[in-house]
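Here is what each chain is made of, one letter per residue.
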Amino acid sequence: MKLTKTVWATAVAAALAVTSLSAHADKKDLVQKILSLQQGGLDELSRNVAEQPARQLAGSVRQIMAQAVPEDKREATAKQIDVEIKKYVESATPLFKASATKLAPTTVGPMLEEKFSEDELKQLVSILESPALKKYQTLMPEATQGLLEKVVADAKPQVTPKLQSLEASVRKILDNATGGKLSGGGAPAPATKPAAKK
């Protein structure tokens, strides 16, 4: 009788373990599907991160152009700078996207797996209006912030040289447009006239 109970308990425990492993795998699959469905949001986040320093630089450039670039050269100078900024954004965005795609499963994924049940994850996948969707939306700012910090730290070594190159290109364009005023070059200062003899 005791042996039968032990065998039965072992069989039940084994069945529960298999069920638990299966549920865990199902949950992981649902989380992966949610992350896949959210790829557009990750791409948008990545583009915003890439554009942020370019927007800051553009703001600084506008001030310099208004003060130092002759009016007849401003439009052409602005077009040259726009080309450089676009090149930077186009080269930096894929780096941030790759980083976000790489880090989302280990940053956002565990949060979703921990905070949501399998049924809630199924509701998210089907994109239904539900309390689970609201719960997910309240979690996303924290998850996104954590991901953003990691993406910036991860991509920064690759992006920093590109940003420095952009700044150097823009500085050169502005320096050419101002006749060397930014670099201290340009036309020599007019010679002072000697004082008249009395």
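Here the structure is shown first, and the text comes after it.
Residues numbered from 1 in each chain as written. Predicted model: local features only at pLDDT ≥ 70, side-chain atom pairs only at ≥ 80, totals over all residues. Heavy atoms only, no water.

S.K.: What is the right way to read the overall build of the protein from this model?
M.R.: Helix and strand counts for the protein come out as five helices and zero strands. Ordered by position from N to C terminus, the α and β elements of the protein give α-α-α-α-α. Every one of the 198 residues in the protein was classed for burial, and the buried ones make up 31%. Just so you have it, the protein exposes about 13100 Å², and 59% of that area is on carbon and sulfur atoms. (Helix = DSSP H or I, 4+ residues; strand = E, 2+ residues; numbered from the N terminus. Buried < 20%, exposed > 50% of the residue type's maximum accessible area, 1.4 Å probe, protein only. Areas by Shrake-Rupley, 256 points an atom, 1.4 Å probe, with all protein chains shown as cover.)

S.K.: So what exactly am I meant to see when it comes to the packing of aromatic side chains here?
M.R.: Centre-to-centre distance and the angle between the planes together describe a pair of aromatic rings. Tallied over the full model, the rule gives zero aromatic pairs. The ring of Phe 116 is capped by Lys 135, whose NZ or CZ atom sits 5.3 Å from the centre of that ring. (Phe/Tyr/Trp six-rings, centres within 6.5 Å; stacked < 30°, edge-to-face > 60°. Lys NZ or Arg CZ within 6 Å of the ring centre and 35° of its normal.)

S.K.: Would you mind going over the side chain of Ser 46 with me for this structure?
M.R.: By secondary structure assignment, the location of Ser 46 is in helix α2 (residues 39-68). At a separation of 2.8 Å, a polar atom in the side chain of Ser 46 contacts the main-chain carbonyl oxygen of Leu 42. Within polar-contact distance, the side chain of Ser 46 engages the backbone oxygen of Phe 96 at 3.3 Å. Filtering out sequence-adjacent residues up to four positions away, Ser 46 remains in contact with Thr 93, Phe 96, Lys 97 and Ala 100. (Polar contact = N/O pair within 3.5 Å; in protein donor to acceptor, adjacent residues only side chain to side chain. Contact = heavy atoms within 4.5 Å.)

S.K.: Help me understand the environment of Gln 158 in this model?
M.R.: With respect to the helices, strands and loops of the structure, Gln 158 is situated in helix α5 (residues 131-177). Residues Gln 158 and Ala 92, spaced 66 residues apart in sequence, show a C-alpha to C-alpha distance of 8.3 Å.

S.K.: Help me understand the pattern of salt bridges, please; the structure alone is not making it clear to me.
M.R.: Between side chains of opposite charge, a pair can form as their charged atoms come close. Throughout the structure, instances matching the rule amount to nine salt bridges. Across the pair Glu 84 and Lys 87 runs a salt bridge whose closest N-O atoms are separated by 3.2 Å. Here the residue Glu 84 and the residue Lys 87 both occupy positions in helix α3 (residues 71-115), the gap between them amounting to three residues, near one helical turn. The shortest N-O distance in the salt bridge between Lys 102 and Asp 154 comes to 3.2 Å. Here Asp 154 lies in helix α5 and Lys 102 lies in helix α3, a separation of 52 residues in the sequence. Asp 154 gets classed as partly exposed once you look at its relative accessible area, which sits at 32%. Residues joined by salt bridges that share partners form a network here, namely Arg 47, Glu 51 and Arg 55. (Salt bridge = Lys/Arg side-chain N within 4 Å of Asp/Glu carboxyl O.)

S.K.: Any chance you could explain the nonpolar core here in plain terms?
M.R.: For soluble globular proteins, the rule of thumb is that nonpolar side chains tend to be buried together. Counting residues in hydrophobic clusters, the biggest one holds 44 residues, and the most contacted among them are Ile 81, Tyr 88, Phe 96, Leu 112, Leu 121 and Leu 147. Those elements giving two or more residues to this core turn out to be α1 (2-37), α2, α3, α4 (118-125) and α5. When residues of this core are assigned to their parent elements, the largest contribution, 14 residues, is made by α5. If we skip the residues at most four places from it in the chain, Ile 81 touches Val 61, Met 65, Val 170, Ile 173 and Leu 174. (Core = buried A, V, L, I, M, F, W, Y, C linked by side-chain atoms within 4.5 Å.)

S.K.: What's the story with α4 in this structure? I'm lost.
M.R.: For an α-helix, the turn length of 3.6 residues means that residues three or four places apart are oriented alike. Within α4 the residues assigned to the buried category are Leu 121, Leu 124 and Val 125. Looking down the long axis of α4, one finds its buried residues gathered within 100° of arc, a one-sided arrangement. (Arc of directions from axis to C-beta.)

S.K.: Mind showing me how you'd approach the environment of Leu 121 here?
M.R.: Within the secondary structure, Leu 121 sits in helix α4. Each C-alpha atom of the pair Leu 121 and Lys 28 lies 9.7 Å from the other, and the pair is 93 residues apart in sequence.

S.K.: Please explain the packing of α2 against α3 as it appears in this structure.
M.R.: Any two packed helices are characterised by the angle at which their axes cross and by the distance between the axes. Orientation of α2 relative to α3, taken along the N-to-C sense of each, is 150°, at an axis distance of 8 Å. Taken together, the axes of α2 and α3 lie roughly antiparallel to each other. Every pair of crossing elements has a handedness; the one defined by α2 and α3 is right-handed. When its residues are assigned to classes, the contact of α2 with α3 shows 18 nonpolar, five polar and five charged. (Axes fitted to C-alpha atoms, helices over the stretch in contact; angles between N-to-C directions. Parallel < 35°, antiparallel > 145°, perpendicular 65-115°, else oblique. Left-handed = near helix turned anticlockwise from the far one by under 90°. Nonpolar A, V, L, I, M, F, W, Y, C, P; charged D, E, K, R; others polar.)

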